[in-house]
Amino acid sequence: MTGSTDPSAPAPQVLAEAAASFGMLASPVRLHILWILASGECDVTGLSEQVGGALPAISQHLAKLRLAGLVRSRREGHRQVYLVDDPHLVALVQSMIDHLSDTSPAQRQADRRARAL
């Protein structure tokens, strides 16, 4: 490789932020939470019921997602309501889930093997 760089390449800071966001999505529970919130707002109790996790654990996941800027919350009376208001994130999550839902695990594995050859 030469010392020249691609001027259209993302800045190192952008790559670092993207990696951090993908890291947040690497947890099945956090991904499930985002999937639910992509459909609309929900409070921690509703998320806990839908995800099947304990309320304190769901709260911790939400705190991490909020600190990462992937979700936000607003007060509605006595409850905190969470939402995803980034259409790009919603599209990314929905696209990946839809893509993986369209094929069986065996087919995805066969496709990976074929691409590796």
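Here, every reference points to the structure presented above.
Because the structure is a prediction, the values reported are computed rather than measured.

1. Re the overall build of the chain
So, point 1. The secondary structure content of the chain amounts to 6 helices and 3 strands.
So, point 2. When its helices and strands are written in sequence order, the chain yields α-α-β-α-α-β-β-α-α.
So, point 3. The C-alpha atoms of the chain give a radius of gyration of 18 Å, which is well past the 13 Å a tight globule of 117 residues would have.
So, point 4. For the chain, the residues scored as buried account for 25% of the 117 residues in total.
So, point 5. Once local pairs closer than 6 in sequence are excluded, the contacts in the chain between residues at least 24 apart make up 51%.
So, point 6. With an accessible surface of roughly 8100 Å², the chain has 58% of that area assigned to carbon and sulfur atoms.
So, point 7. If you average the places of the 11 positive and of the 11 negative side-chain charges in the chain, the two averages end up 7 Å apart.

2. A few points about the nonpolar core
So, point 1. In this structure, Ile 33, Leu 34, Leu 37, Leu 47 and Leu 62 are the most contacted members of the largest nonpolar core, which totals 21 residues.
So, point 2. Looking at this core, the elements that each hand over two or more residues are helix H1 (12–25), helix H2 (28–38), helix H3 (44–51), helix H4 (55–67) and helix H5 (87–101).
So, point 3. Looking at this core element by element, the count peaks at 5 residues for H2.
So, point 4. Among all residues touching Leu 47, those that are not within four sequence positions of it are Ile 33, Ile 36, Leu 37, Cys 42, Gly 52, Ile 58 and Leu 62.

Here is what the cut-offs are and how they apply
- Residues numbered from 1 in each chain as written.
- Predicted model: local features only at pLDDT ≥ 70, side-chain atom pairs only at ≥ 80, totals over all residues.
- Heavy atoms only, no water.
- Helix = DSSP H or I, 4+ residues; strand = E, 2+ residues; numbered from the N terminus.
- Rg over C-alpha atoms; globule rule 2.2 N^0.38 Å.
- Buried < 20%, exposed > 50% of the residue type's maximum accessible area, 1.4 Å probe, protein only.
- Contact = heavy atoms within 4.5 Å.
- Areas by Shrake-Rupley, 256 points an atom, 1.4 Å probe, with all protein chains shown as cover.
- Lys, Arg positive; Asp, Glu negative; His and termini not counted.
- Charge placed at Lys NZ, Arg CZ, Asp CG, Glu CD.
- Core = buried A, V, L, I, M, F, W, Y, C linked by side-chain atoms within 4.5 Å.

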